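# Overview (structure and organization)
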Amino acid sequence: MKAEIAQLRAADNSVLLLAFARGTGVPVGFVEVTGGSFRRNRHVGSLVIGICAAHTGMGIGTALLGACGDWARAHGLGRLELTVMVHNDRAIRLYEKSGFVVEGRRVAALMVDGVAVDEYVMGRVL
């Protein structure tokens, strides 16, 4: 992997992790986990992840998701979840490799350039 992971900010059950290109300090990816705010869902973290296009395929996503899982377990979260556009095969493979499974489909959940796009709901019990 050509990146270093750093925690930018954290709260009780939420965190923002950044990946920096090794030796340059240039940010190349992130994962943000937002934990539930109610007693019944405080153990669930919803995540958003992004990797700069020039740095995909280098293991950065895998490293970010691994660090995210480690952080979540250490802070009492028992489940992570995310959504992904159904045509984003590369991201889906990354999530599945990291232990996420498709739990459902949201039809016409997004509008991308005026076109309705479905997305999968994926989850991982830690």
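Please refer to the structure placed before this passage.
What counts as what
Residues numbered from 1 in each chain as written. Predicted model: local features only at pLDDT ≥ 70, side-chain atom pairs only at ≥ 80, totals over all residues. Heavy atoms only, no water. 1 Å grid on protein atoms, 1.4 Å probe; cavity = no way out; pocket = protein on both sides within 12 Å on 5 of 7 lines; lining within 4 Å. Points joined across faces, edges and corners; volume = space filled by probe spheres on them. Helix = DSSP H or I, 4+ residues; strand = E, 2+ residues; numbered from the N terminus. Nonpolar A, V, L, I, M, F, W, Y, C, P; charged D, E, K, R; others polar. Pairing = 2+ DSSP bridges. Phe/Tyr/Trp six-rings, centres within 6.5 Å; stacked < 30°, edge-to-face > 60°. Buried < 20%, exposed > 50% of the residue type's maximum accessible area, 1.4 Å probe, protein only. Axes fitted to C-alpha atoms, helices over the stretch in contact; angles between N-to-C directions. Parallel < 35°, antiparallel > 145°, perpendicular 65-115°, else oblique. Left-handed = near helix turned anticlockwise from the far one by under 90°. Contact = heavy atoms within 4.5 Å. Salt bridge = Lys/Arg side-chain N within 4 Å of Asp/Glu carboxyl O.

Space inside the largest pocket adds up to approximately 410 Å³. Along the walls of the largest pocket sit 19 residues, with Ile51, Thr56, Arg90, Ala91 and Leu94 positioned nearest its centre. Residue contributions to the lining of the largest pocket peak at six residues, all from helix H2 (residues 89-97). Here the residues of the lining of the largest pocket are counted per class, giving eight nonpolar, eight polar and three charged.

Moving on, we get to the pairing of strand S3 (residues 27-35). Both faces of the sheet carry side chains from a regular strand, because those side chains alternate between them. Examined bridge by bridge, strand S2 (residues 15-21) and S3 share six bridges and lie antiparallel to one another. Among the inter-strand pairings, Leu18 is bridged to a residue of S3, identified as Phe30. Count of turn residues in the S2/S3 antiparallel hairpin: five residues, of which Gly23 carries a positive phi of about 80°. Pairing of S3 with strand S4 (residues 44-51), which is carried by seven bridges, proceeds in the antiparallel orientation. Note on S4: the bridge partner recorded for Val31 is Ile49.

The next subject is the packing of aromatic side chains. Per the counting criterion, the structure on display carries one aromatic pair. Seen from their ring centres, Tyr95 and Phe100 are 6.1 Å apart, and the 65° between their planes marks the pair as edge-to-face. For Tyr95, a relative accessible area of 7% puts it in the buried group.

Turning our attention to the packing of helix H1 (residues 60-74) against H2. For the pair H1 and H2, interaxial distance at closest approach is 10 Å and the crossing angle is 40°. In terms of orientation, H1 and H2 fall into the oblique class. With respect to the hand of their crossing, H1 and H2 are arranged in right-handed fashion. From H1, Gly61, Thr62 and Leu65 reach across to H2, where they touch Leu94, Tyr95 and Lys97. Its residues placed into classes, the contact of H1 with H2 shows three nonpolar, two polar and one charged.

This part is about the environment of Gly78. Among the secondary structure elements, Gly78 is positioned in the loop between H1 and strand S5 (79-85). Here Gly78 falls in the partly exposed class, since its relative accessible area comes to 24%. Put simply, Gly78 and Ala11 are 67 residues apart on the chain and 16 Å apart in space, counted from C-alpha to C-alpha. Those residues in contact with Gly78 that sit more than four places away from it in its chain are His43, Arg124, Val125 and Leu126.

Counted according to the given criterion, the structure contains seven salt bridges. For Arg105, the salt bridge identified is with Asp118, shortest N-O distance 2.8 Å. On the criterion of sequence distance, the pair formed by Arg105 in strand S6 (residues 101-112) and Asp118 in strand S7 (residues 115-125) is long-range, its members being 13 residues apart. Residue Arg105 is classed as partly exposed on the basis of its relative accessible area of 46%. With a shortest N-O distance of 2.4 Å, Glu119 and Arg106 are connected by a salt bridge. Here the residue Glu119 occupies a position in strand S7, and Arg106 occupies one in strand S6, the gap between them amounting to 13 residues.

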